[in-house]
Amino acid sequence: MSIPTTHKALVIQQKGGDPAIETVKTYTPKPDEVLVRIEAAGVNPADWKVRDFGLVVGNYPLVLGLDAAGEVVATGEEVTSLAIGDRVIYSGWLQSLSLGTFQQYGTVPAEFASKIPPSLSFDEAATIPLAISTAGVGLYGPVERGGGTGLTPPWLNEGRKKYSGQPVVVFGGSGSVGKYTIQLAELSGFSPIVTTASPQNFELVKSLGATHVVDRHLPPREIEKAINAIIPGPIKFIYDTVSLSATQNTAYDLLSSGGILVVYLSSKVDEKKTTPDKKIIASHGTGYAVQNKDVCISLYTHLTDLIDSGDIKPNVVEILPKGLSGIPDAMERVKRDEVSGKRLIARPQETS
Ligand SMILES: NC(=O)c1ccc[n+]([C@@H]2O[C@H](COP(=O)([O-])OP(=O)(O)OC[C@H]3O[C@@H](n4cnc5c(N)ncnc54)[C@H](OP(=O)(O)O)[C@@H]3O)[C@@H](O)[C@H]2O)c1
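Residues numbered from 1 in each chain as written. Predicted model: local features only at pLDDT ≥ 70, side-chain atom pairs only at ≥ 80, totals over all residues. Heavy atoms only, no water.

As recorded in an unreviewed UniProt entry, the protein chain goes by Enoyl reductase (ER) domain-containing protein and comes from Cerrena zonata.

Caption draft 1: The domain arrangement of the protein chain, seen in detail. Split into domains, the protein chain comes out as domain 1 (6–128 + 314–350) and domain 2 (131–282). Taken over C-alpha atoms, the centre of domain 1 sits 28 Å from the centre of domain 2. Tallying the contact residues gives 11 residues for domain 1 and 11 residues for domain 2. Across the domain 1 to domain 2 interface the summed buried area is about 820 Å²; carbon plus sulfur atoms make up 35%. By the criterion of area lost to domain 2, the three top residues of domain 1 are Ile128, Asn315 and Gly341, representing 46% of everything that side buries. Applying the counting criterion to the domain 1 and domain 2 interface returns 1 salt bridge. Arginine 216 is the partner of aspartate 337 in a salt bridge, and the nearest nitrogen-oxygen pair spans 3.8 Å. Among the residues forming the side of domain 1 that touches domain 2, the class breakdown is 3 nonpolar, 4 polar and 4 charged. (Domains from an automatic or database assignment. Contact = heavy atoms within 4.5 Å. Buried area = accessible area lost by both parts, 1.4 Å probe. Salt bridge = Lys/Arg side-chain N within 4 Å of Asp/Glu carboxyl O. Nonpolar A, V, L, I, M, F, W, Y, C, P; charged D, E, K, R; others polar.)

Caption draft 2: Broad picture of helix 4 (residues 176–187). Look at helix 4: 17 Å from first C-alpha to last across 12 residues, which is about the 16 Å you get at 1.5 Å a residue. In terms of burial, helix 4 is a largely internal element, 11 of the 12 residues being buried. Among the residues making up helix 4, those that are buried are Ser176, Val177, Gly178, Lys179, Tyr180, Thr181, Ile182, Gln183, Leu184, Ala185 and Leu187. Glycine 189 occupies a position one or two residues after helix 4 and carries a positive phi of about 95 degrees. (Helix = DSSP H or I, 4+ residues; strand = E, 2+ residues; numbered from the N terminus. Expected span 1.5 Å × (residues − 1). Buried < 20%, exposed > 50% of the residue type's maximum accessible area, 1.4 Å probe, protein only.)

Caption draft 3: Inspection of the pairing of strand 6 (residues 87–91) at higher detail. Within strand 6, 4 of the 5 residues are buried, which leaves it mostly tucked inside the rest of the structure. Of the strand pairs in this sheet, strand 5 (residues 67–75) and strand 6 are connected by 5 bridges, and their pairing is antiparallel. Residue pairing across strands places glutamate 71 opposite arginine 87, the latter belonging to strand 6. Relative to strand 8 (residues 113–115), strand 6 runs antiparallel, the two being bridged by 3 bridges. Bridged to isoleucine 89 within strand 8 is serine 114. (Pairing = 2+ DSSP bridges.)

Caption draft 4: Main features of the packing of helix 1 (residues 45–53) against helix 9 (residues 327–335). Running from N to C, helix 1 and helix 9 cross one another at 100 degrees; their axes reach a closest spacing of 8 Å. When the axes of helix 1 and helix 9 are compared, the pair comes out roughly perpendicular. Between helix 1, through Pro45, Asp47, Trp48, Arg51 and Asp52, and helix 9, the contact on the second element is made entirely by Met331, Glu332, Val334 and Lys335. Considered class by class, the residues forming the contact of helix 1 with helix 9 number 4 nonpolar, no polar and 5 charged. (Axes fitted to C-alpha atoms, helices over the stretch in contact; angles between N-to-C directions. Parallel < 35°, antiparallel > 145°, perpendicular 65-115°, else oblique.)

Caption draft 5: Here's a closer look at the pattern of salt bridges. Inspection of every chain in the model, using the stated rule, returns 19 salt bridges. When the shortest N-O distance is used, the salt bridge between arginine 221 and aspartate 253 registers 3.5 Å. You can see arginine 221 sitting in helix 6 (residues 220–230) and its partner aspartate 253 sitting in helix 7 (residues 245–254), a full 32 residues away along the chain. Using a relative accessible area of 55% as the deciding quantity, one classes arginine 221 as exposed. On the basis of relative accessible area, aspartate 253 is assigned to the partly exposed category, the value being 27%. One salt bridge connects aspartate 270 with lysine 272, and the closest N-O pair in it is separated by 3.9 Å. Judged by its relative accessible area of 33%, aspartate 270 is partly exposed. The class for lysine 272 is exposed, based on a relative accessible area of 78%. Salt bridges here are not isolated pairs; linked through shared partners, they connect Arg51, Asp52, Glu332 and Lys335.

Caption draft 6: A look at the site of the ligand. If you check the shell around the ligand, you find 27 residues, and the closest are Ser174, Ser198, Arg216, Gly285 and Ser340. At a separation of 2.7 Å, an oxygen atom of the ligand approaches a polar side-chain atom of arginine 216. Residue glycine 341 places a main-chain N or O atom 3.0 Å away from an oxygen atom belonging to the ligand. Expressed as a share of its isolated accessible area of 940 Å², the protein-covered part of the ligand is 87%. Here the shell around the ligand is composed, by residue class, of 8 nonpolar, 15 polar and 4 charged. (Near = heavy atom within 4 Å. Polar contact = N/O pair within 3.5 Å; in protein donor to acceptor, adjacent residues only side chain to side chain. Areas by Shrake-Rupley, 256 points an atom, 1.4 Å probe, with all protein chains shown as cover.)

Caption draft 7: Main features of the nonpolar core. Among the nonpolar cores identified, the biggest contains 82 residues, and Val43, Leu184 and Ile327 are the most heavily contacted of them. Residues lining this core come from more than one domain, with at least three contributed by each of domain 1 (6–128 + 314–350) and domain 2 (131–282). Membership of the second largest hydrophobic core comes to 16 residues, among which are Val169, Val194, Ala251 and Val263. (Core = buried A, V, L, I, M, F, W, Y, C linked by side-chain atoms within 4.5 Å.)

Caption draft 8: Region of interest: the packing of aromatic side chains. Considering all chains together, one arrives at 7 aromatic pairs under this definition. Ring centres of phenylalanine 112 and tyrosine 300 lie 5.9 Å apart, and the angle between their planes is 65 degrees; this geometry places the pair in the edge-to-face category. One end of the pair, phenylalanine 112, is in the loop between strand 7 (105–109) and strand 8; the other, tyrosine 300, is in helix 8 (residues 293–308), and 188 residues separate them in sequence. Take phenylalanine 112 and tyrosine 300: they sit in the same class, and that class is buried. Linked through ring pairs, Trp93, Phe112, Tyr288 and Tyr300 together constitute an aromatic cluster. Between the NZ or CZ atom of arginine 87 and the centre of the ring of phenylalanine 122, over which it lies, the distance is 4.6 Å. Above the face of the tyrosine 252 ring, lysine 278 is positioned so that its terminal group lies 4.3 Å from the ring centre. (Phe/Tyr/Trp six-rings, centres within 6.5 Å; stacked < 30°, edge-to-face > 60°. Lys NZ or Arg CZ within 6 Å of the ring centre and 35° of its normal.)

Shown next, in the form of structure tokens:
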């Protein structure tokens, strides 16, 4: 496949700027990177937040986008794990133009990409990378700032079903991070796996491994009562993949002494009620966060097998019209909380 000298990308020029389609120079991969022709890109809540609130790292202009699936079209000279023609998924980053995924070609360090098994389409595959690394870091990342609960991952033999009989609570089971958290928790052996979702998604989350679902629209006290009725004993592990103030405070109230609450935005637990015996970890679900690099690379190495075996199922997909041009509207839908139980996917090559 010939590589063009330029391609289209969705670029913002400054914090709060409107994303616009621009023509950018196609990148040469660094020695440890591969260049990927991006066939599908997932729209995450982080995209509108980065657009509106600014960057964690990096400079403007910026190519948005944190999820990609596509085909390797060039490799850096140090890369041995991937070859031209491999179908891969990866999570983007915001440090340079080439790492954003809302474009037709992008680069990624080879160690942060996973091959896609033949059974999966690019569209389905693009639902996986950021959400599964976030779920994976939350469960298996180190117990430190930005990490997770430090459990043994189930993709290692010693971790499979290791936590059998221990309860876990996942707030937001029908969200992307929630879905992969439930599936990984099931592989880890947790039981019961209690989650919250809207009633139309109850069957969906049960099909992924949740044993009990509580209506997320109940008042917080009712959610707490319902979960306590399902799990009368101590709850040591809670993952709040919604991470609003209401869900974090309910989650913290449910947590037992010695337990860990993982949140995926900053902590919003009322400081007046926090106690040293109940830990809160605000997790960063990316291998670009230095403390999580090892667990993410371990996950990416085993991800192809986890998908191929059916242990990890992709999210439900809605394809956006007009390639990259469909993304700005999609970001607004995500911002308005109108996307339920699925991931919106753009096909950058269909940009007109
Ligand atoms: N720290 C990190 O590194 C990191 C990484 C990725 C994502 N995040 C953050 O994690 C959050 C989730 O991301 P995502 O990709 O999973 O989002 P998503 O897939 O867009 O989540 C949509 C789902 O959220 C559910 N939801 C909304 N409010 C809820 C509530 N009060 N209780 C239970 N469920 C609720 C909805 O469930 P129903 O339709 O069933 O009502 C919907 O299905 C976002 O805030 C995102 O910014 C952080």
